[in-house]
Amino acid sequence: MKKNTYTSEKNFFKEKSFFITNTYILVGHRCEFEKKGDYKTIDFFEKSIAIYKFKEKISAFTNKCAHRGCKIFSKAKGNSAFVCPYHAWSYDNSGRVKNIPFEKKAFKIDKTRIKLEEWALEFCGDFIFLKSKTNKISLKNFLGKEFDQLLKISKNIQKCIDYQVYKWGANWQICVENSIDEYHAIFLHKTTFKNVLKLEPKYEIKNNVMKMKMPLSKNYIEKFKKIKNYFNNLNNTYMHTLFFPYSSISSTMGNSYYIQNYLPKDIHNTNVTSTIYLPKSKLKKNPVIEKFFSNTCIKFNHEIFYEDKDICESIYSNVRNDNSKKDIVGNLEFRIKSFRKKLEKI
Ligand code: FES
Ligand SMILES: [Fe+2]
């Protein structure tokens, strides 16, 4: 009988130290950081991390002021100066303290020695991946042959239309497993995926990249015809790729792109992030249709997320006190098997 890896504290701490130093998180796209001061935050284990656009570059730091530990950025996304709201300490693009109000009066410190914890960013085209500074694996090696494909997608993205952070009361593995479970999509998501997908998944698994493609339903293809001409290079598939273990990208037809992360907060809670993008298209010239299409994508996504949240929390409340893993995983949940196998090796 397999041990219950969801609720073993020992496993959780092992995973934590392994993933902090060995993995990448797909945090966003350059289009979200066009203006100086644009930022986005993610929560990863107990830390909040801010990705921030300085004049010269995009950088990432732990979102914790060196003075007394306040969060420098309190929102999930926004535009502001790199200044802590508590006592207005400000920071430069290397994370060093730039200005301390009433410095001479209040402190006897060498401010050049004070620095925020920095995270490394690597780019695949315009996609931004975050890793720990101690991670020596290059992004090209991490992504393998998927690198070029992803680079191409990144160049086709025009703008971000939504960023949400959800809090799910379930162990992160259950949340990831739900995201790579093709079997449920047409049953649970009655008002959304049921009308879109044909349950014939094809898989391609290579190291950290777990890819799935599925045909779209005739019905959806037919309905989409009305606005099809606004887009370039559409296909007739739904694709979903997991970058082991936390990040994924998915797309319906190439008409919209979704980046999701399932980031552990603690053993029982997961922060789920969702960013939605539109591709380059002629929609730009027709703001009314663009707005309508954007809202449809956002609504579609929100509905799915709330349904999935309930399921993940329901599974977790049932299994969190089990001592063994007794579930049955089939071929339409194929990636769950690959995911578990990979986790076992950690
Ligand atoms: S805690 Fe940030 S300036 Fe005091
Ligand atoms: Fe789902």
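Note that residues are indexed from 1 along each chain, following the sequence as it is written. Labels are handed out in written order, letters beginning with A for the chains and numbers beginning with 1 for the ligands. The model is predicted, so local features are restricted to residues of pLDDT at least 70 and side-chain atom pairs to those at 80 or more, both for listing and for counting; the totals for chains, interfaces and linings are taken over all residues. Side-chain measures here rest on the full set of heavy atoms in the structure, leaving out hydrogens and waters.

### A few points about the pattern of salt bridges
As a reminder, the rule being used: The salt bridge definition used is simple: a Lys or Arg side-chain nitrogen within 4 Å of an Asp or Glu carboxyl oxygen. Each helix corresponds to a stretch of at least 4 residues labelled H or I by DSSP, and each strand to a stretch of at least 2 residues labelled E; elements are numbered beginning at the N terminus. Only protein chains enter the accessibility calculation, which uses a 1.4 Å probe; a residue is then buried when its area is under 20% of its type maximum, exposed when over 50%, and partly exposed in between.
In this structure the tally under the stated criterion is 19 salt bridges. Residue Glu 103 pairs with Lys 111 through a salt bridge whose shortest N-O separation is 3.0 Å. Among the salt bridges present, the one from Lys 211 reaches Glu 146, with a minimum N-O distance of 3.1 Å. Of this pair, Lys 211 sits in strand 13 (residues 209-215) while Glu 146 sits in helix 4 (residues 146-155), and the two are 65 residues apart along the sequence. In terms of burial, Lys 211 and Glu 146 fall into one category: buried. Beyond isolated ion pairs, a larger network of salt bridges with shared partners links Arg 30, Asp 126 and Lys 155.

### With respect to the coordination of the iron ion (ligand 2)
Our working rule: Donor atoms: N, O and S within 2.8 Å of the metal, or within 3.2 Å for Na, K and Ca. Because water is excluded, sites can look incomplete. Geometry assignment treats four donors as tetrahedral when all angles are between 85 and 135 degrees, treats four as square planar and six as octahedral when opposite donors are over 155 degrees apart and all others between 65 and 115, and treats everything else as irregular.
Distances from the iron ion (ligand 2) to its protein donors, His 184 (NE2), His 189 (NE2), Asp 308 (OD) and Asp 308 (OD), fall within 2.0 to 2.4 Å. Around the iron ion (ligand 2) sit four donor atoms, and with donor-metal-donor angles ranging over 58 to 150 degrees the site reads as irregular. The sequence motif formed by the donor residues of the iron ion (ligand 2) is H-x4-H-x118-D. Here His 189, found in the loop between helix 6 (185-188) and strand 12 (202-206), pairs with Asp 308, found in helix 8 (residues 287-319); they are 119 residues apart in sequence, far enough to count as distant.

### Regarding the sheet that holds strand 2 (residues 25-29)
What counts here: Only when DSSP finds a minimum of two bridges between them are two strands counted as paired. To get an axis, a line is fitted to the C-alpha atoms, and for a helix only the part in contact is used. The angle between two axes follows their N-to-C directions and goes from 0 to 180 degrees. We call two residues in contact when some of their heavy atoms are within 4.5 Å.
The sheet built from seven strands is open, its strands ordered 2-10-9-5-4-3-6 with antiparallel pairing. Two strands in the sheet have a free side with no partner beyond their single neighbour: strand 2 and strand 6 (77-79). Each strand axis lies, on average, 30 degrees off the axis of its neighbour in the sheet, ignoring direction. In this fold helix 4 packs onto strand 2, strand 9 (118-124) and strand 10 (127-131), with an angle of close to 85 degrees to the strand it touches most, strand 9.

### Some remarks on unusual backbone geometry
The omega torsion across Phe 244 and Pro 245 is 0 degrees, close enough to zero to call that bond cis. You can see Pro 245 is positioned in the loop between strand 14 (237-243) and strand 15 (247-252). A positive phi angle, near 50 degrees, is found at Asn 233, a position not held by glycine. Here Asn 233 shows up in the loop between helix 7 (218-228) and strand 14. A relative accessible area of 71% places Asn 233 in the exposed class. In this structure, Met 253 takes a positive phi of about 65 degrees despite not being glycine. Its place among the elements puts Met 253 in the loop between strand 15 and strand 16 (257-266).

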